[in-house]
Amino acid sequence: MSLTMEGVLALAPDEASAKAARGLTSPAKWPLLGADDAAVWGECQGSGSKPYQTQVDLNGPAFRCSCPSRKFPCKHGLALLMLRAQDASRFTAGEAPAWVSEWIASRGERAQKKEERDQKAVERAAERAAQIADGVDPAQAASALADPDNALKRESQRWRRIEDAASELQRWLGDQISRGLGAIDDAAIRGWRTMAARMVDAQAPGLGQRVVAAAEAWRVGADWPERTLARLGLLQLACEGIARRETLPTSVQADLRTVCGWPLDQAEVLAVGERVTDRWTVLGVSVEEREGRLNERRVWLHGARSGRRAWLLDHTHGGRGFEGMWLPGIATDLTLSFYPGNAPLRALIAEASPSPEPEGTVGMARLAGSDTWQGEWQRVAERVAAHPFASLHPVVLANATPVASEAGRHLVADGRAVPLQVGDADWWSLMAVAGGHPLAVIGEWDGRGLRPLTAWQSDSTGPAWVRNTA
């Protein structure tokens, strides 16, 4: 893996960890520093008499440290990689000590077993899909495959529960509209949350989350009635789709399943998903903290030959860091397997090349200039028409100047303005980079505003600005 300070900082679980790691980058704090092709390791002197043993598997990267920190990666792991990025000559090349080699070996064994299990799951999913495509009844296909869990039978039962719940939700939606949004009060909102819980009980957590989102918009902002009505309208559309699910194209059925909060197994996606081999450039990376100490990472990609956009989704719990470094501007040869859908964006990596490289000025300039603003918004409009439940869309806007006015913060070009969703620190750093001149800005559009992720100058060899994700 190619190490940079920016890439290491992107792995930090929070800003406090990144700051603490910077304070440990003095070589004097590390009496032992070593490395080989698979890992780097070191001993960091802490407050106790025995130094902390820190090691990083470069194939992940994956971290391990003997310190008591509950953050992952800890400050010692981050500092070790920072030292490596700053000056690799400080690390002694040679045979890894036992506490490193045993850990690397155990990781390799677990990875091999997981690969074997995943391959078997992919083969089963592909065989099942082929039988169903040939007209074999799903229940018979499950029986023919001697599926001990009878997964397809359980799937049919779950759909029946979801259909019953959607019918109940549709009647409830009609009652809310009949009463009018002006009649909503605290008691009504409690009823909305009860309905959301009923959707979760019916194994449709996605519908429940949308009910909660509509409730949370109550009296928030001057346009809350418009936003609430739009969310209820999408719920109504979902209920209508579920009611006639079997008559809809399979791609739309897949979208409805996702809306219900029931994603496909990764093995099935790898087995039956559309595969696209291309040179994929990282447009931007977004990290958000969800409820229950759940962190979500979205990596947005653009295919050089196909012109396709894609996003990779990862989650971690309890302060653990994400494996793998995805740096804006890095390009690599990948084969992606897309989740089924009417306008697919989410994908899994089916095959990867070992050596990602910076895309550089020419490549990113070509990407930024490959479409006009009108072309970008046409792309978004077509995706909304095909998949109205999609909440985020990647957008690349060329020749965009950040401007602040009484109306708020916007990107401006050719007499058009796009509202921005950006905090003070990121805004001022973006303004400083722009200096009043146009930039190519890449971000996430949610229907109300653009959340900028990266910005490029015409002569830059890398992103001139990256949103702070720590």
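Computed from a prediction, not measured in an experiment: that's the story for all the values here. (Residues numbered from 1 in each chain as written. Predicted model: local features only at pLDDT ≥ 70, side-chain atom pairs only at ≥ 80, totals over all residues. Heavy atoms only, no water.)

1. Observations concerning the overall build of the chain
As a reminder, the rule being used: Secondary structure elements follow DSSP: runs of H or I of four or more residues count as helices, runs of E of two or more count as strands, with numbering from the N terminus. Only protein chains enter the accessibility calculation, which uses a 1.4 Å probe; a residue is then buried when its area is under 20% of its type maximum, exposed when over 50%, and partly exposed in between. In what follows, residue pairs with any heavy atoms lying within 4.5 Å of each other are defined as contacts. Areas reported here follow the Shrake-Rupley algorithm with a probe of radius 1.4 Å; residue values treat only the protein chains shown as occluding.
Within the chain, the regular secondary structure consists of 14 helices and 17 strands. The burial tally for the chain puts 43% of its 470 residues in the buried class. Of the contacts made within the chain by residues no fewer than 6 positions apart, 61% connect residues no fewer than 24 positions apart. As presented, the chain carries roughly 23800 Å² of accessible surface, and 50% of it is formed by carbon and sulfur atoms.

2. Comments concerning the nonpolar core
Selection criterion: Nine residue types can take part in a nonpolar core, namely buried Ala, Val, Leu, Ile, Met, Phe, Trp, Tyr and Cys, and a core is a set of them joined through side-chain atoms within 4.5 Å.
If you look at the biggest cluster of nonpolar residues, it comprises 33 residues, and the most contacted ones within it are Leu169, Trp192 and Leu207. Where this core is concerned, the elements lending two or more residues are helix 6 (151-179), helix 7 (186-201), helix 8 (205-216), helix 9 (224-243) and helix 10 (250-259). Examining the composition of this core, we find that 7 residues originate from one element, helix 6, more than from any other. Excluding residues that lie within four positions of it along the chain, Leu169 makes contacts with Met195, Met199, Leu207, Val211, Leu235 and Cys239.

3. Things to note about the packing of helix 7 against helix 8
Cut-off, in case you're wondering: Only C-alpha atoms enter the line fits that serve as axes; for helices the fit covers just the stretch in contact. Angles between N-to-C directions range over 0 to 180 degrees. The scheme is simple: roughly parallel for angles under 35 degrees, roughly antiparallel for over 145, roughly perpendicular for 65 to 115, oblique for anything else. By definition, any crossing whose near helix is turned counterclockwise from its far helix by less than a right angle is left-handed, and any crossing with a clockwise turn is right-handed. Residues are grouped as follows: nonpolar covers Ala, Val, Leu, Ile, Met, Phe, Trp, Tyr, Cys and Pro; charged covers Asp, Glu, Lys and Arg; every other residue, Gly included, is treated as polar.
Where helix 7 contacts helix 8, the two axes come as close as 7 Å, and the packing angle between them is 165°. Put simply, helix 7 runs roughly antiparallel to helix 8. The two elements helix 7 and helix 8 meet at a crossing, and its hand is left-handed. Between helix 7 and helix 8, the contacting residues are Ile189, Trp192, Arg193, Ala196, Met199 and Val200 on the first element and Pro205, Leu207, Gly208, Val211, Val212, Ala214, Ala215 and Glu216 on the second. Here the contact of helix 7 with helix 8 is composed, by residue class, of 11 nonpolar, 1 polar and 2 charged.

4. Details of the packing of aromatic side chains
Rule in force here: In this analysis, rings of Phe, Tyr and Trp, with Trp reduced to its six-membered ring, are considered paired at centre separations within 6.5 Å, and the interplanar angle assigns stacked below 30 degrees, edge-to-face beyond 60, and tilted for intermediate values. The rule for a charge over a ring is simple: NZ of Lys or CZ of Arg within 6 Å of the ring centre, and within 35 degrees of the ring normal.
Tallied over the entire structure, the rule returns 6 aromatic pairs. Relative to Trp192, the ring of Trp172 lies with its centre 5.4 Å away and its plane at 80°, an arrangement referred to as edge-to-face. With a gap of 20 residues between them, Trp172 in helix 6 and Trp192 in helix 7 connect regions that are remote in the sequence. We note that Trp172, like Trp192, is buried. A ring pair is formed by Trp280 and Phe338, whose centres lie 6.4 Å apart and whose planes are at 50°; its orientation type is tilted. In this pair, Trp280 is assigned in strand 6 (residues 274-290) and Phe338 in strand 9 (residues 330-338), connecting sequence segments 58 residues apart. Judged by its relative accessible area of 1%, Phe338 falls in the buried class. For Arg245, the ring lying beneath its charged end belongs to Trp159, and the centroid distance is 4.1 Å.

5. A few points about the sheet that holds strand 5 (residues 92-93)
Selection criterion: Should DSSP find at least two bridges between two strands, the strands are taken to pair.
On the basis of which strands lie adjacent, the open sheet formed by 5 strands has the order 4-3-2-1-5 and mixed pairing. In the strand order of this sheet, the two ends are held by strand 4 (62-65) and strand 5, each with one partner. Relative to strand 2 (residues 39-44), strand 1 (residues 32-35) runs antiparallel, the two sharing 4 bridges. Along strand 2, the bridge assignment pairs Leu33 with Gly42. Helix 3 (residues 75-86) contacts strand 1, strand 2, strand 3 (52-57) and strand 4 of the sheet and is inclined by roughly 65° relative to strand 3.

6. Here's the deal with the pattern of salt bridges
Note that side chains of opposite charge can pair when their charged atoms are close. Worth spelling out the cut-off: A pairing counts as a salt bridge when a side-chain nitrogen of Lys or Arg comes within 4 Å of a carboxyl oxygen of Asp or Glu.
Enumeration over the complete set of coordinates arrives at 20 salt bridges. The salt bridge partner of Arg90 is Asp87, with a shortest N-O separation of 3.7 Å. With relative accessibility at 34%, the residue Arg90 sits in the partly exposed group. Taking the relative accessible area as the measure of exposure, Asp87 reaches 28% and is therefore partly exposed. Close ionic contact of Arg309 with Glu376 constitutes a salt bridge, the shortest N to O distance being 2.9 Å. In this pair, Arg309 sits in strand 8 (residues 309-317) while Glu376 sits in helix 13 (residues 373-386), placing the two residues 67 residues apart along the sequence. For the pair formed by Arg309 and Glu376, the shared burial category is buried.

7. Here's the deal with the environment of Leu237
Looking at where Leu237 falls in the secondary structure, it is placed in helix 9. Each C-alpha atom, one on Leu237 and one on Phe389, is 9.2 Å from the other, the two residues being 152 residues apart in sequence. Leaving out residues up to four positions away in the same chain, Leu237 has contacts with Pro388 and Phe389.

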